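For reference, the chains in residue letters:
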Amino acid sequence: MKVEYNYLPKEFSNVKAIFQDWEKLIKSTDFTLGKFVHLFEEKFKNYLNVKYCISTNNGTDALILCLKSLGIGKGDEVITVANTFYATVGAIVAVGATPVLVDCDERYQIDFEKIEDAITKKTKAILPVHWGGASPEMSKILKISKDNNLYLVEDACMGIGATIEGKPAGTFGIVNAFSMHPLKSLNVMGDGGMVVTNDDELANWMIKYRNHGMVDRDHIDFWGVNMRLQPLQAIVASHGLDKLNNVIDLRSNNANLLDDGLNNIKDFITTPKRINKHQETYALYMILAKKRDLLKIYLEKNGIEAKIHYPIPLNKQKAAKDNCIFDDKKLNNVNEQAKSLLTLPVHQFINNEQINYMIDHISNFYKSGY
Ligand SMILES: *Cc1c(COP(=O)(O)O)cnc(C)c1O
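Residues numbered from 1 in each chain as written. Predicted model: local features only at pLDDT ≥ 70, side-chain atom pairs only at ≥ 80, totals over all residues. Heavy atoms only, no water.

> Describe in detail the overall build of the chain, supporting the description with residues and values.
In terms of regular secondary structure, the chain is built from 11 helices and 15 strands. Over its C-alpha atoms the chain spans a radius of gyration of 21 Å, differing by no more than 12% from the 21 Å that the globule rule assigns to 370 residues. If you line up the chain on its principal axes, its C-alpha atoms span 70 × 55 × 35 Å. The buried share of the chain, taken over its 370 residues, is 55%. Within the chain, counting contacts between residues at least 6 apart in sequence, those at least 24 apart form 70% of the total. (Helix = DSSP H or I, 4+ residues; strand = E, 2+ residues; numbered from the N terminus. Rg over C-alpha atoms; globule rule 2.2 N^0.38 Å. Buried < 20%, exposed > 50% of the residue type's maximum accessible area, 1.4 Å probe, protein only. Contact = heavy atoms within 4.5 Å.)

> Summarise the pattern of salt bridges; cite the residues concerned and give the values.
Applying the stated criterion across every chain yields a total of 20 salt bridges. Between Glu-42 and Lys-45 there is a salt bridge, with its nearest N and O atoms 3.3 Å apart. With Glu-42 and Lys-45 both in helix α3 (residues 34-48), this residue pair falls 3 residues apart, about one helical turn. We classify Glu-42 as partly exposed; its relative accessible area is 29%. For Lys-45, a relative accessible area of 18% translates into the label buried. A salt bridge links Arg-292 to Asp-293; the shortest N-O distance between them is 2.7 Å. On the basis of relative accessible area, Arg-292 is assigned to the buried category, the value being 7%. One network of salt bridges, in which partners are shared, links Asp-103, Asp-111 and Lys-114. (Salt bridge = Lys/Arg side-chain N within 4 Å of Asp/Glu carboxyl O.)

> Would you mind going over the environment of Pro-313 in detail, with residue names and values included?
Examined against the element boundaries, Pro-313 turns out to sit in the loop between α9 (292-301) and α10 (332-340). Overall, the relative accessible area of 9% leaves Pro-313 in the buried class. Each C-alpha atom of the pair Pro-313 and Asn-83 lies 5.6 Å from the other, and the pair is 230 residues apart in sequence. Not counting residues within four places of it along the chain, the set of residues in contact with Pro-313 comprises Ala-82, Val-334, Asn-335 and Ala-338.

> Kindly report on the packing of helix α8 (residues 231-262) against helix α11 (residues 352-367), identifying the contributing residues and their values.
Axis separation between α8 and α11 bottoms out at 10 Å; the angle between their running directions is 25°. Relative to α11, the element α8 lies roughly parallel. Viewed along their axes, α8 and α11 form a crossing whose handedness is right-handed. Residue-level contacts link Asn-254, Leu-257, Leu-258, Gly-261 and Leu-262 of α8 to Asn-352, Ile-355, Met-358, Ile-359 and Ile-362 of α11. Its residues placed into classes, the contact of α8 with α11 shows 7 nonpolar, 3 polar and no charged. (Axes fitted to C-alpha atoms, helices over the stretch in contact; angles between N-to-C directions. Parallel < 35°, antiparallel > 145°, perpendicular 65-115°, else oblique. Left-handed = near helix turned anticlockwise from the far one by under 90°. Nonpolar A, V, L, I, M, F, W, Y, C, P; charged D, E, K, R; others polar.)

> With reference to specific residues and values, describe the sheet that holds strand β15 (residues 341-344).
The antiparallel open sheet is built from 3 strands, whose spatial order is β12-β14-β15. Of all the strands in the sheet, just β12 (269-270) and β15 have a single pairing partner and so form its edges. The pairing of strand β14 (residues 285-289) with β15 spans 4 bridges and is antiparallel. Bridge pairing in β15 links Met-286 to Thr-343. Packing of α8 onto the sheet brings it into contact with β12, β14 and β15, and relative to β14 it is tilted by some 10°. (Pairing = 2+ DSSP bridges.)

> Please set out the sheet that holds strand β6 (residues 163-164) residue by residue, giving values where relevant.
In space, the 3 strands of this open sheet follow the order β7-β6-β13, with antiparallel pairing throughout. Both edges of this open sheet fall to β7 (167-168) and β13 (278-279), since each of them pairs with a single strand only. Sheet topology places β6 next to β13; 2 bridges connect them, and they run antiparallel. Directly across from Thr-163, in β13, lies its bridge partner Gln-279.

Okay, here's the thing in structure tokens:
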């Protein structure tokens, strides 16, 4: 049996509806922003129940746009977590600010109890990440940001469709970023991203900055850039959004089955604690596994494609020697977890038979003494 990690061939096996809309787009030649991008922005805005959605090239640009809109730049510090994708920290550096890395908790999310310790006079914002599609303790982090008069910006790149007590990920901060990279919960055929906010002033600035600072064809207010989402991708995103809740249901179901099965071998596998009031997107289904590297090879031999997110945390990267503030000794969880993290396929096209096959093989690996 094969349990493939990549779901894209199945997801895009029938693209008739997308092609029909692409034909409309091509006939309209509305290729820069325009109607189809606008329609998607409206749809996403309504999905999250927020005032503004500003689509972008990709999630990294969305993060940069968020930070820029708040005037964050040189001399400012932004607190984030050490186990995230490179882009979170890359975006902070791109605007000229300094990333401050804190440890994660047992759910691989930024440890809210370690945030206050990292605040200095230079801190401007807290940038928590919905890592893997699970959510950190957002209400606690929101309170810390308010108490310390800091901006809260969410990296919800993996969290499209995640909720905390019904409130969507990416609606806690003042301005928040999402990605539609092919491996996120809502994905396009390439790159795409969004920023959402309820703040009129920030939104107006971002709408202009994304498009060269233009007010209209002949006037610019200030120097901007081109961060526009492609209309071709806006159409893919719009179709994807129609299916998103169903995709998340299927993934949740798979994740629950995996959790249940793997909790029978607790001596070897640790599944993260799940919080009842949190709906995760399961962009990544991550566990901690003893003898991780041997297990991964064993699984691969048996047709199960597992991944590691990531074997080298940001604080251990060469790039972190410049520009980043952190104390490696305080990043205990991040450093320890990196040695045993394993990501299993959990996507919407995996059936129960494949789930059981994964659980059986993981159990057999430990029973047989590797
Ligand atoms: C994917 C991702 C990004 C970057 O998004 P892109 O669309 O790939 O630029 C940023 N942060 C996190 C946590 C991500 O998972």
